[in-house]
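A structural walkthrough
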Amino acid sequence: MTVSGEILDQHWLDSRARPFIHIRGVTKQFGGFTAVNNVDLDIYQGELFCLLGGSGCGKTTLLRMLAGFETPTSGVISIDGVDMNDVPPYERPVNMMFQSYALFPHMNVENNVAYGLKRDGLSKEEIRLRVGEMLAMVELSDFSKRKPHQLSGGQKQRVALARSLVKRPKVLLLDEPLGALDKRLREQTQFELMNIQDRLGVTFVVVTHDQEEAMTLSTRIAVMDAGQFVQVGTPTEIYEYPATRRVADFIGSINMFEGRVTENDADHVVVDSTDNALRFFMDHGASVSDGSRVWVAVRPEKIRLSRTPPPNEANQIEGVVQDIGYLGNVSIYRVRLESGMIVEVTVPNQTRPRDGKHAAGWEDRVFLDWEASSAILLTR
Amino acid sequence: MIIMKPTAVKSTGIQRYQQMFAGVSRLLQQLQAQWKSVVVTVPYFWMLLFFLAPFFIILKISVAESLIASPPFSDLLEWTRDGALSIRLSFENYSYLWKDDLYINTYLGSVKIAGISTLLCLLLGYPIAYAIVRSPPTTKNILLMLVILPFWTSFLLRVYAWMGLLADQGLINDLLIWAGIIDSPIRLLYSHFAVYVGIIYTYVPFMILPLYANMEKLDMTLHEAAADLGARPAVTFLTVTLPMTWPGIVAGSLLVFIPATGEFIIPDLLGGGNVQMIGRVLYNEFHSNHDWPVASAVAVALLVLLVLPMMVYQKVQEKESGSGW
Ligand SMILES: Nc1ncnc2c1ncn2[C@@H]1O[C@H](COP(=O)(O)OP(=O)(O)OP(=O)(O)O)[C@@H](O)[C@H]1O
Ligand SMILES: [Mg+2]
């Protein structure tokens, strides 16, 4: 990746910048079970930081420690330079949107949203104004007098979102904020979240299962697994330069070839596959030793598909089309290699299929190849 | 295409089974519907037999006249000499209640004692119920057992035990003298204090159990949400915990207040002659004065006194939840 973006927006590259949320060596154990394991993380002001990971990997637990509902078993958390260890939840400059929404069932929508503002002792007029504004944003103005049990799942989620946003905290913790919304509302709310982040300079920490959401929303993503961070980086870094096979697999789809390093130079690496009698060429050096076990990973959209043998010899595979998935803008080809391995290729539909015919048909023999710079070399 | 007459269609084995099955399940459904109505009727029948019927008998006696006979009251229906059926209603018993200060004061006294006891039961029971809910599962079961444990001993026996504890030569006075806090026994038994102790001791489980049942359902993340939005623990209690446990508070309070108002044994044994409650008056009318009609009127008046406010409360609640949003 080239560092072309403005350094101002990318505080994590600026060694002098002071992190807004500072997490060092934080571990949380429940009984003998370690939910969060020795985590280090710095989040900067105005970031929209996404925690991504499978179910039960410790995302909520980390968020709850930031909000103050769980005390870390060990480690330090500080927010805006203040050690949060002895600060109770009601004094933290943090608001959280709960995964279970946690709306007050005995209050109507309006009072739920106004609850935090009342605690701050704002004037009635101001509260009315801000609650009205917030409800308009989440399109719930007509529902302000309803009780939570009279709302749909998505409506509840929007109330929870409004309730956490209305206080304009320094840090907003959102636990799966948009999961129950339909596509249109989700995109609109995503946009609104980015808008709020821009306007108010709020720092967001967002938990999500949805990698696409993470890619669109965030300035940076942390991929979690079993209580630890596997990789922290910008969406591009995570997508194009995944650190491990798990990350590569978790974000987007990817084809993985196992092999051994046969040539290892400063400007190129050659890998021979273990089972496919294939040879892969990468035009960059890597810190690997000859003969070590590695994986060559290629994203489906980086692969070219053609009916005739491509000119360059390296990174070339031959196979038979087994399946075609037509998605409109692109088609997904599943190509079976001689070894039986299936390779996925995404082909943009630049022209309309003629007579209903695609670039290649079922059982057609096809050739796959990719640029020497497109593949990722993974060692674990 | 060949169209066969419906009658010509011979049902295959599978179809026959399906028909049979449909028939059986229809039968079961009918049975179930009937069973449902049976299940619903049983409690009504029970109420009719053991609550409404006795109540009407009492109501009938309350409008009769006192006689020295057996039974000691006049009949509601009477054959006059010329063979006509006449109804004799006498509301004198009720006006008697109203005119005599004794009854009004005793009613008010009972309500006051029951009210204060209910409040104290609530103040005592609420934190106990909360602590039980918040304790780990094994401890929770033990604590619940402890709440129910007194019911395993006869109520009368437990009141006698309190007499022993509170007496002039009782354990409490002995302890206080031994500790040098007092020189001579203080009057504990046969006082309002003793009655309060007795009522609160007896009825606090009836406060704890409905509160516990209510709090058990309380979602603890709501407390976290309140704290997250800037509410200190006291504010969270007032704005979230209290309103959400309100149904439990009402249920527990009614369970304590209603029987406490009509309580007889506790004021009789622990209050002696010093604490007049309506239950004692009722007892005296029946057994000492043998005035069944007045006793019945006292009972009916008590019921009206207790039930009417409750009905009003219920109506208000219904209205609130009907138009609250
Ligand atoms: N209070 C608790 N006591 C014991 N174990 C807990 C507790 N809270 C969480 N855990 C465990 O810690 C692990 C991480 O839980 P956490 O809720 O952080 O997962 P998550 O990443 O948010 O998952 P999801 O995406 O499903 O919400 C899980 O295995 C969970 O069972
Ligand atoms: Mg979670």
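This text gives an overview of the structure that appears in the document.

Cut-off values and rules
Residues numbered from 1 in each chain as written. Chains lettered and ligands numbered in written order. Predicted model: local features only at pLDDT ≥ 70, side-chain atom pairs only at ≥ 80, totals over all residues. Heavy atoms only, no water. Phe/Tyr/Trp six-rings, centres within 6.5 Å; stacked < 30°, edge-to-face > 60°. Lys NZ or Arg CZ within 6 Å of the ring centre and 35° of its normal. Axes fitted to C-alpha atoms, helices over the stretch in contact; angles between N-to-C directions. Helix = DSSP H or I, 4+ residues; strand = E, 2+ residues; numbered from the N terminus. Parallel < 35°, antiparallel > 145°, perpendicular 65-115°, else oblique. Contact = heavy atoms within 4.5 Å. Nonpolar A, V, L, I, M, F, W, Y, C, P; charged D, E, K, R; others polar. Buried < 20%, exposed > 50% of the residue type's maximum accessible area, 1.4 Å probe, protein only. Near = heavy atom within 4 Å. Polar contact = N/O pair within 3.5 Å; in protein donor to acceptor, adjacent residues only side chain to side chain. Areas by Shrake-Rupley, 256 points an atom, 1.4 Å probe, with all protein chains shown as cover. Expected span 1.5 Å × (residues − 1). Arc of directions from axis to C-beta. Disulfide = S-S within 2.5 Å.

1. Structural notes on the packing of aromatic side chains
Residues and elements named next belong to chain A. As enumerated under the stated definition, the model contains 16 aromatic pairs over all chains in all. A network of ring pairs unites the aromatic residues Phe257, Phe280 and Trp370 as a single cluster. The aromatic ring of Tyr115 is capped on one face by Arg119, whose charged end is 4.4 Å from the ring centroid. The ring of Phe104 is capped by Arg163, whose NZ or CZ atom sits 4.9 Å from the centre of that ring.

2. Description of the packing of helix H3 (residues 101-134) of chain B against helix H11 (residues 278-287) of chain B
Residue and element names in this part refer to chain B. Look at H3 against H11: their axes get within 8 Å of each other, and the N-to-C directions meet at 140°. Classified by the angle their axes make, H3 and H11 are oblique. Contact with H3, carried on its side by Tyr103, Thr106, Tyr107 and Ser110, involves Ile278, Val281 and Glu285 of H11 and no other residues of that element. Residue composition of the contact of H3 with H11, grouped by class: four nonpolar, two polar and one charged.

3. Remarks on unusual backbone geometry
Residues and elements named next belong to chain A. The phi angle at Ala102 is positive, at roughly 50°, despite the residue not being glycine. Within the secondary structure, Ala102 is located in the loop between strand E6 (94-97) and helix H2 (109-119). The class of Ala102 is buried, set by a relative accessible area of 3%. A positive phi is found at Glu363, a non-glycine position, where the angle reads about 65°. Among the secondary structure elements, Glu363 is positioned in the loop between strand E18 (342-348) and strand E19 (365-369).

4. What about the environment of Val296(A)?
Residues and elements named next belong to chain A. Within the secondary structure layout, Val296 lies in strand E14 (residues 293-298). For the pair Val296 and Asn255, spaced 41 residues apart in sequence, the C-alpha separation works out to 8.1 Å. Filtering out sequence-adjacent residues up to four positions away, Val296 remains in contact with Asn255, Met256, Phe257, Val271, Phe280, Met282, Ala375, Ile376 and Leu377.

5. Comments concerning the site of ligand 1
Residues and elements named next belong to chain A. Near ligand 1 you find 13 residues, and of these Ser55, Gly56, Lys59, Thr60 and Thr61 are the closest. Between ligand 1 and Ser55, the relevant distance is 2.6 Å, taken from an oxygen atom to a side-chain nitrogen or oxygen of the residue. The separation between an oxygen atom of ligand 1 and a polar side-chain atom of Thr60 is 2.5 Å. Within the complex, 63% of the 640 Å² of free accessible area of ligand 1 lies under protein. Listed by contribution, the elements that provide at least two residues to the shell around ligand 1 are strand E2 (33-43) and helix H1 (59-67).

6. Considering helix H5 (residues 155-166) of chain B
Residues and elements named next belong to chain B. Taking 1.5 Å per residue, twelve residues should reach 16 Å; H5 reaches 17 Å between its end C-alpha atoms and fits that length. Regarding H5, the residues found buried are Arg158, Val159, Trp162, Met163 and Leu166. On an axial view of H5, the arc spanned by its buried residues comes to 155°, and they lie on one face. Looking at the buried positions of H5, the neighbouring elements they touch are helix H6 (171-178), helix H7 (192-216) and helix H10 (265-271). Residue Ser154 occupies the N-cap position of H5, its side-chain oxygen lying 3.2 Å from the main-chain nitrogen of Leu156.

7. Details of the state of the cysteines
Under the definition given, this model contains zero disulfides over all chains. Cys57(A) takes part in no disulfide bond, and the closest cysteine sulfur to it belongs to Cys50(A), at a distance of 13 Å.

The quantities given are spatial measurements derived from coordinates; they are silent on function.
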